[in-house]
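Listed below are the residues making up each chain.
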Amino acid sequence: MSLNTISTNFLQLQCPSPTLIPKSHSRRRTFLARNANGSEPKPSSNGYPSPATTKRTPTPFPGKPEADVVVIGSGIGGLCCAGLLSRYQQDVLVLESHDTPGGAAHSFQKKGYKFDSGPSLFSGFQSRGPQANPLAQVLDALGESIPCASYDSWMVYIPEGEFLSRIGPTEFFKDLEKYASLNAVREWRKLLDAILPMSTAAMALPPLSIRGDWGVLSTAATRYGPSLLKSFAQMGPQGALSATKLLRPFSEIIDSLELKDPFIRNWIDLLSFLLAGVKSDGVLSAEMVYMFAEWYKPGCSLEYPLHGSGAVVDALVRGIQKFGGRISLRSHVENIVVQNGRAVGVKLRSGQFVRAKKAVVSNASMWDTLNLLPQEVLPKSYEDRIKMTPQCESFMHLHVGFDAEGIREDLGIHHIVVNDWKRGVDAEQNVVLISVPSVLSPDLAPPGKHVLHAYAPGTESFERWEGLDRKSAEYKELKAERSEFLWKAVERAIGPGFDREKCEVKLVGTPLTHRRYLRRNRGTYGPAIKAGQGTFPGHSTPIPQLYCCGDSTFPGIGVPAVAASGAIVANTLVSVSQHSQLLDAVGI
């Protein structure tokens, strides 16, 4: 059984039920270090809160400068890894360079507005059990839950027109009949009839059961193999044959069904792009099958975490601390220390050495992790592979705080703008995603106001910005020029009552912003690895006791995927017995 089966659970972010903490668990003292003076970070020259810099006094280090496992970075993958390791009663220390945990999923505040820095589209929060996604299962193991608001639609602005797209088994057929053709209706029905039966197989293996060693034969294959085989048997010979394509590009399923309607092909590419940042020829069929099962079944809904996506980060931090884990903010790792061929700790920018008794786990990108290591300890083949791995492009962001007066009361949370199908959904300045989460979580903005995040994901070239001085007139002019398409998309979505000149907060983020705040090499979205043409690296490295998690590792890019990567590393670092006991405790 291939470990890649975990990729079937990428999409849905679910809200787990609380799990009781064993009464016998011995809790260690917990810490969350912030600024040395306890103050909030000051805004930088571009309006965003400043990240940690070398000019500031380092935060006093929390506790002893050692742990069983040291985790570099507090992205979702790093937090999930640290949370599970804490649950496994390991002494864990997370070192984060920024003032705020969360990596690309962190939240920040400006003038009373609370902004999401990254992910905002979630669904399936109420699902539980073996089919829940990796993040949901980690939260379940930590005894944490996330309250959320439910909705079932988003506004779509495409060349054919604009309409409210609803999820569910029947509503989309009406949109297809009106904005496409009866042929599009027939092809969409043909697609659903073919792939929905595959979802049973796609969801048969719980992601929390995966580990990166031969112990997986016990925790996954033996434990869940019978149910997987049963699902194949129920599908029949033809269905089982189709299910073998789950680890191939989704475009192969589309081609095998002879789907040729232009609207259907474009729409599937858009869904693929929203899910994984690639078109249907680059996304795994398993991911898309899981998404269709969750978005086009009776009674389905989309959900947004109340208090913003930062609530997800907060829940993970609570879970880590609950089981005695430590998090040190503004603790920038300068180097991974290797002695006698093994990773034994890290050296901070302050000069302090932090010892890792069992392992170092890097939640940084593969390129940034490479830069933390002494070159002489790495096999040249490993270094060359990382350097040759193609990168996704970066982002353009627009964070806006504005008055709700004059804005229609039925404003929805999500809006998607596609300017030109012919250019492709992955073309620069062509697709814009807009989130107005304050319509569902009013506490994110001052009374009578709205908070908005618009962005173009993974389509902005870093080369255009490379070498520019962020304080220069040239940089400011380029920001105004390259953000204009975001403003136009926002004006189209919000309507005539919106006036950009009256916005109380206007922040434009660029690839340089992405690199500076998220410590991402060249501001990249992640590795540009397409299904069928390559696989994401595993979690071990040529250096014993050094592991990696996050979007540079299997299963890949996206919140559920990076959560899975963190869980796999945590499971690998404990015994099969401990792992099995956890699966029993959370009921999967």
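See the structure shown above.
Given the structure is predicted, the values throughout are model-derived calculations rather than measurements. (Residues numbered from 1 in each chain as written. Predicted model: local features only at pLDDT ≥ 70, side-chain atom pairs only at ≥ 80, totals over all residues. Heavy atoms only, no water.)

K.L.:
In this structure, what is going on with the pattern of salt bridges? I would like to understand it.
P.N.:
If charged atoms from side chains of opposite charge come close, those side chains can pair. One pass over the structure, following the stated rule, counts 27 salt bridges. In this structure, aspartate 213 engages arginine 211 in a salt bridge whose closest nitrogen and oxygen atoms are separated by 2.6 Å. Aspartate 384 is the partner of lysine 380 in a salt bridge, and the nearest nitrogen-oxygen pair spans 2.7 Å. Of this pair, lysine 380 and aspartate 384 both sit in helix 12 (residues 380-388), four residues apart, roughly one helical turn. For lysine 380, a relative accessible area of 59% translates into the label exposed. (Salt bridge = Lys/Arg side-chain N within 4 Å of Asp/Glu carboxyl O. Helix = DSSP H or I, 4+ residues; strand = E, 2+ residues; numbered from the N terminus. Buried < 20%, exposed > 50% of the residue type's maximum accessible area, 1.4 Å probe, protein only.)

K.L.:
I tried to follow unusual backbone geometry on my own but got confused; where do I start?
P.N.:
Following phenylalanine 554, the chain continues to proline 555 via a peptide bond in cis, the omega torsion being 10 degrees. Assignment of secondary structure puts proline 555 in the loop between strand 20 (546-548) and helix 15 (559-572). For glutamate 258, which is not a glycine, the phi torsion comes out positive at approximately 55 degrees. Of note, glutamate 258 is situated in the loop between helix 7 (250-256) and helix 8 (262-276). The backbone of asparagine 340 sits at a positive phi, close to 55 degrees, despite the residue not being glycine. With respect to the element layout, asparagine 340 can be found in the loop between strand 12 (333-339) and strand 13 (342-348). Accessibility expressed as a relative area gives 82% for asparagine 340, which makes it exposed.

K.L.:
Honestly, the side chain of serine 328 in this entry has me stumped. Any pointers?
P.N.:
By the element assignment, serine 328 lies in strand 11 (residues 326-328). On the basis of relative accessible area, serine 328 is assigned to the buried category, the value being 0%.

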